Amino acid sequence: MSPTPREVLQSIRREFAPADGSNRLIAPIEQGTAPLAVLGELAAQQHHVITSDRRSFLLLATRCSDSPVGGYFSRLADGESRALTALAAFTAGCGREAATGPGHEPLAGCQTYPNYLAWLALNGDPIAVVLALSANFADWGTSCAITARALRRRYGFSDASCAFFDFFAVPAPELEDEALSVITAGGLTPERIALGRRYARLLQHYELLFWNTLADQVPGLA
């Protein structure tokens with residue numbers, strides 16, 4: 001009997017769940033020992049990530065405009081727009097300006113994730129991309145939840161300054177249900193499962209690279 005889309009998704013999540021301690025920045029943030037300058041760099045790098053990911057989702061939505069998965073990607077793009085608005089308050093809370101001008105340089109390790117997502121937007125199988133993204137979102141949400149709590153407890157950030165992380169930290173079962181619905185409608189073949197696993201493995205690796213590139217800027221962690 002073939003596994004259901006939910007069973008496949010859960011299996012991929014278990015397989016590529018990050019090991020404890022693999023994200024080297026989360027513990028310093030949780031303990032309040034990550035310098036404010038590193039948090040500011042996180043904000044600046046996220047500005048590049050969010051603007052790129054939004055365009056990637058819009059491209060995927062265009063590629064799939066005649067199918068339900070197109071609406072799913074369009075909603076993800078809308079979410080990135082809301083996140084970008086919330087990011088401004090976090091950036092200001094870190095004493096930084098938004099990384100919109102030529103004076104700020106993207107860090108290669110932080111931008112590998114959005115670069116790969118842009119590749120997927122052009123070349124990936126859309127159903128397999130949905131599967132991979134759904135598997136990755138849970139770990140990203142957990143990291144954001146930890147960060148939001150620490151910003152309030154350790155750094156004294158306001159609710160408005162934490163809204164960016166709150167946005168991703170809150171579980172969205174309706175979004176996962178929609179993802180599973182479009183996966184079911186599109187058909188989950190063995191080939192797509194294999195591609196979804198590949199995409200998820202790389203996305204998870206590149207997300208850890210984002211955090212750990214910033215961790216290298218924390219004194220004593222490099």
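We now turn to the structure provided with this report. Owing to the predicted nature of the structure, the values given are computational and were not obtained by experimental measurement. (Residues numbered from 1 in each chain as written. Predicted model: local features only at pLDDT ≥ 70, side-chain atom pairs only at ≥ 80, totals over all residues. Heavy atoms only, no water.)

## A look at helix α5 (residues 108-123)
Helix length check: α5, at 16 residues, gives a terminal C-alpha distance of 21 Å against a target of 22 Å (1.5 Å per residue), a fit within 8%. Every buried residue of α5 is accounted for by Gly 109, Cys 110, Gln 111, Tyr 113, Pro 114, Tyr 116, Leu 117, Leu 120 and Ala 121. In the core, the buried residues of α5 are packed alongside α3 (36-63), α6 (126-153) and α9 (190-215). (Helix = DSSP H or I, 4+ residues; strand = E, 2+ residues; numbered from the N terminus. Expected span 1.5 Å × (residues − 1). Buried < 20%, exposed > 50% of the residue type's maximum accessible area, 1.4 Å probe, protein only. Contact = heavy atoms within 4.5 Å.)

## Some points on the pattern of salt bridges
Taken as a whole and assessed by the stated rule, the structure comprises nine salt bridges. Across the pair Asp 177 and Arg 6 runs a salt bridge, and its minimum N-O distance is 3.3 Å. One end of the pair, Asp 177, is in helix α8 (residues 173-186); the other, Arg 6, is in helix α1 (residues 5-16), and 171 residues separate them in sequence. Across the pair Arg 192 and Asp 125 runs a salt bridge whose closest N-O atoms are separated by 3.0 Å. (Salt bridge = Lys/Arg side-chain N within 4 Å of Asp/Glu carboxyl O.)

## Things to note about the nonpolar core
Ranked by internal contacts, the top residues of the largest apolar core, which has 35 residues, are Phe 57, Phe 73, Val 130 and Leu 133. At the level of elements, α1, α3, α4 (68-93), α5, α6, α8 and α9 are the ones that each hand at least two residues to this core. Take this core: its biggest share by element is eight residues, from α6. Once residues lying within four places of it in the same chain are set aside, the contact partners of Val 130 are Val 69, Tyr 72, Phe 73, Ala 179, Val 182 and Ile 183. In this structure, Ala 83, Trp 140, Leu 214 and Val 218 belong to the second largest nonpolar core, which totals 34 residues. (Core = buried A, V, L, I, M, F, W, Y, C linked by side-chain atoms within 4.5 Å.)

## Some remarks on the packing of aromatic side chains
Under the criterion given, the structure shown has 12 aromatic pairs. Ring plane angle 65° and centroid distance 5.7 Å describe the contact between Tyr 72 and Phe 73, whose orientation is recorded as edge-to-face. Since its relative accessible area comes to 0%, Phe 73 is described here as buried. Centre to centre, the rings of Phe 164 and Phe 165 are 5.1 Å apart; their planes meet at 85°, and the pair counts as edge-to-face. Neither residue differs from the other here; Phe 164 and Phe 165 are each classed as buried. A network of ring pairs unites the aromatic residues Phe 90, Trp 140, Tyr 155, Phe 157, Phe 164, Phe 165, Phe 167, Phe 168, Phe 210 and Trp 211 as a single cluster. (Phe/Tyr/Trp six-rings, centres within 6.5 Å; stacked < 30°, edge-to-face > 60°.)

## Topic: the environment of Ser 74
Among the structural elements, Ser 74 can be located in helix α4. Here the alpha-carbon distance between Ser 74 and Arg 153, two residues 79 residues apart in the chain, equals 35 Å.

## Comments concerning the packing of α5 against α9
The interhelical angle for the contact between α5 and α9, taken along N-to-C directions, is 155°, at an axis separation of 6 Å. Comparing the axis directions of α5 and α9 gives the class roughly antiparallel. Handedness of the crossing formed by α5 with α9: left-handed. Here Gly 109, Cys 110, Thr 112, Tyr 113, Tyr 116 and Leu 120 of α5 lie close against α9, whose contacting residues are Arg 198, Tyr 199, Leu 202, Leu 203, Tyr 206, Glu 207, Leu 209, Phe 210, Thr 213 and Leu 214. Of the residues that constitute the contact of α5 with α9, the class distribution is 11 nonpolar, three polar and two charged. (Axes fitted to C-alpha atoms, helices over the stretch in contact; angles between N-to-C directions. Parallel < 35°, antiparallel > 145°, perpendicular 65-115°, else oblique. Left-handed = near helix turned anticlockwise from the far one by under 90°. Nonpolar A, V, L, I, M, F, W, Y, C, P; charged D, E, K, R; others polar.)

## Some details on the packing of α1 against α9
Direction vectors running N to C along α1 and α9 enclose 35°, while the axes themselves pass 10 Å from each other. Here the hand of the crossing between α1 and α9 comes out right-handed. Judged by residue contacts, Val 8, Ile 12, Glu 15 and Phe 16 of α1 engage Ile 193, Gly 196, Arg 197, Ala 200, Arg 201 and Gln 204 from α9. For the contact of α1 with α9, the residue count by class is five nonpolar, two polar and three charged.

## A look at the side chain of Gln 45
Structurally, Gln 45 is set in helix α3. A relative accessible area of 0% places Gln 45 in the buried class. Polar contacts involving the side chain of Gln 45 include one to the main-chain carbonyl oxygen of Glu 105, which spans 3.4 Å. Once residues lying within four places of it in the same chain are set aside, the contact partners of Gln 45 are His 104, Glu 105, Pro 106, Leu 107, Cys 110, Gln 111, Phe 210 and Leu 214. (Polar contact = N/O pair within 3.5 Å; in protein donor to acceptor, adjacent residues only side chain to side chain.)

## Section: empty space enclosed by the protein
For the coordinates displayed, the defined rule picks out one cavity of 30 Å³ or more. In this structure, the largest cavity encloses a volume near 40 Å³. Lining of the largest cavity is provided by Ile 12, Arg 13, Phe 16, Ala 17, Ala 132, Ala 135, Asn 136, Asp 139, Ala 200 and Gln 204. Those elements that provide at least two residues to the lining of the largest cavity are α1, α6 and α9. The leading source of residues in the lining of the largest cavity is α6, at four residues. Across the lining of the largest cavity, the residue classes break down as six nonpolar, two polar and two charged. (1 Å grid on protein atoms, 1.4 Å probe; cavity = no way out; pocket = protein on both sides within 12 Å on 5 of 7 lines; lining within 4 Å. Points joined across faces, edges and corners; volume = space filled by probe spheres on them.)

None of the figures reported here should be taken as evidence of function without further support.
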